[in-house]
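Given next are the chains, with one letter for each unit.
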Amino acid sequence: MKIVQTRLRRFSPASLLAAAASNQATLALLASLALGVVIYYRVSFADRLWFVVVPASLLILNFLLALVTRNILKNNWPLMIFHFALVALVLLLVAGQMTYFRGTLELAQNEVFSGKLENVSQGPWHRFGLGQTRFANLGFQIRYNKGIKRDTTRNQVAVMSVDGGRQLVEIGDHVPLIIGHYRFYTSHNKGYAPVFEWRPAGSPDVVTGSIHLPAFPVHEFRQALEWRIPRSDIRLWTLLKIEDELLPEDRAFEFRLPRQHRVVIRFLEKRYELEPGDEISLPEGALRYQGLSTWMGYKVDYDWTRPWLLATALVGLAALFLHYLRKFSLVGSSLVAEAGNSIASLPQMPRS
């Protein structure tokens, strides 16, 4: 009886590097990256980005190891540049997701942005840089085509500099106000803003502010809002009563203030109808209706990687174009050479 002695196969550093740089590892990491992308967009929890970061990082390491250990792409510099561009794209996409910022805000006409935003979404590495930014909404113009189809928005803003200067800028839905890498765009949200003056009883302070009624014209018949007077416990229900025709039958119009309107206020069992300049007495002070203004909604977007993504993509496409140009040139040259050899090998016709 013959006894065969077997040994357990030991893994050496060289074999581990070969396995990490293999095509099988590449396919497994591509599958895990695809699964991570699905998880990122389908599941909502705080640390889901790591399902994309980890396989993407390992895939980059796999490519670099293959480049070193297997000498792939050694004599093909355009294809090497293309692969490095793909690596750079992955790194930029991950960096963009880690540092992005999005938010919204609303400003009444002549109101100054104070740095406060709503509906904020941001990456874990983002450092907020709008604390000292100040600009004022000077008003807007919007034309609607038939069927309430919104045309171009033209919004004038005044940007305040640190030294007290003002710069006038016109922005819109596709023309942003750019501050650093932050971009402010106008949104479809805009409407009317009644302006009030509140004088608390027994206090010399006067508080002036506006309330932002629901967006117009999408909420044409819901121009009402319940709100609380600042520095008090009084809650009021306010309705804008428009007394002239703003929307024609074909629904083509230009956004404007109504020529005639009233503001209806309900407090407890009492009902008031106010025109600009009217004042009512409440338990904690006096409320004066100053007039009607407008408000505009803005979207804020931050992504410093966009120009780099575009430049990297263009470099990658150019390298891929050069790769295929060289490939087809070589194929064409070989075909021409083969054709020449074939012609040369043909039997010569005897001369008469």
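Our structure is the block above this text.
Parameters at a glance
Residues numbered from 1 in each chain as written. Predicted model: local features only at pLDDT ≥ 70, side-chain atom pairs only at ≥ 80, totals over all residues. Heavy atoms only, no water. Axes fitted to C-alpha atoms, helices over the stretch in contact; angles between N-to-C directions. Helix = DSSP H or I, 4+ residues; strand = E, 2+ residues; numbered from the N terminus. Parallel < 35°, antiparallel > 145°, perpendicular 65-115°, else oblique. Left-handed = near helix turned anticlockwise from the far one by under 90°. Contact = heavy atoms within 4.5 Å. Nonpolar A, V, L, I, M, F, W, Y, C, P; charged D, E, K, R; others polar. Buried < 20%, exposed > 50% of the residue type's maximum accessible area, 1.4 Å probe, protein only. Pairing = 2+ DSSP bridges. Patch = residues over 30% accessible without salt bridge, like charges linked within 9 Å, V, L, I, M, F, W, Y side chains within 5 Å. Areas by Shrake-Rupley, 256 points an atom, 1.4 Å probe, with all protein chains shown as cover. Salt bridge = Lys/Arg side-chain N within 4 Å of Asp/Glu carboxyl O.

Structural notes on the packing of helix α3 (residues 50-69) against helix α4 (residues 77-99)
Helix-helix packing: each pair is described by the crossing angle between the helix axes and the interaxial distance.
Item 1. The interhelical angle for the contact between α3 and α4, taken along N-to-C directions, is 160°, at an axis separation of 10 Å. Judged by the angle between their axes, α3 and α4 are roughly antiparallel. Crossing hand, α3 versus α4: left-handed. Counted together, V53, A56, I60, F63, L64 and L67 of α3 and M80, H83, F84, V87, V90, L91 and V94 of α4 form the full contact between these two elements.
Item 2. Split into classes, the residues belonging to the contact of α3 with α4 amount to twelve nonpolar, one polar and no charged.

Remarks on the pairing of strand β12 (residues 261-267)
It is a general feature of regular strands that their side chains alternate between the two faces of the sheet.
Item 1. Judged by how many residues are buried, β12 sits mostly within the fold: five of seven residues are covered.
Item 2. With five bridges connecting them, β12 and strand β13 (residues 270-274) associate as antiparallel partners. Residue pairing across strands places R266 opposite R271, the latter belonging to β13.

Observations concerning the sheet that holds strand β4 (residues 149-160)
Item 1. Spatial strand order, β5-β4-β3-β11: four strands in an open sheet with antiparallel pairing. Where the open sheet ends on each side, the last strands, each with one partner, are β5 (166-171) and β11 (253-254).
Item 2. In the sheet, β4 pairs with β5 via six bridges, with the strands oriented antiparallel. Looking at the pairing, A158 lines up with L168 of β5.

Digging into a nonpolar patch on the surface
Item 1. Together, W77, I81, V315, F321, L322 and L325 line one region of the surface with nonpolar side chains, adding up to about 580 Å² of accessible area.
Item 2. Those elements giving two or more residues to the nonpolar patch turn out to be α4 and α5 (306-345).
Item 3. Looking at the element boundaries, F321 is found in helix α5.
Item 4. Residue classification places F321 among the exposed residues on the basis of a relative accessible area of 55%.

Overview of the pattern of salt bridges
Item 1. The tally for this structure, following the rule as stated, stands at 13 salt bridges.
Item 2. A salt bridge links E273 to K241, with the shortest nitrogen-to-oxygen separation between them at 3.6 Å. In this pair, E273 is assigned in strand β13 and K241 in strand β10 (residues 235-242), connecting sequence segments 32 residues apart.
Item 3. According to the relative accessible area criterion, K241 is partly exposed, its value standing at 35%.
Item 4. Put simply, D301 and R306 hold a salt bridge, and the shortest N to O gap is 2.6 Å.
Item 5. A relative accessible area of 38% places R306 in the partly exposed class.
Item 6. Each of K241, E243, R262, R271, E273 and E275 takes part in salt bridges that share partners, so that together they form one network.

Some thoughts on the pairing of strand β15 (residues 285-302)
Item 1. Counted residue by residue, β15 has 15 buried out of 18 residues, so it is predominantly covered.
Item 2. Here strand β1 (residues 101-108) pairs with β15 via eight bridges, running antiparallel. Following the sheet pairing, L107 is matched in β15 by M296.
Item 3. Bridge count between strand β7 (residues 182-200) and β15: 16 bridges; the pairing is antiparallel.

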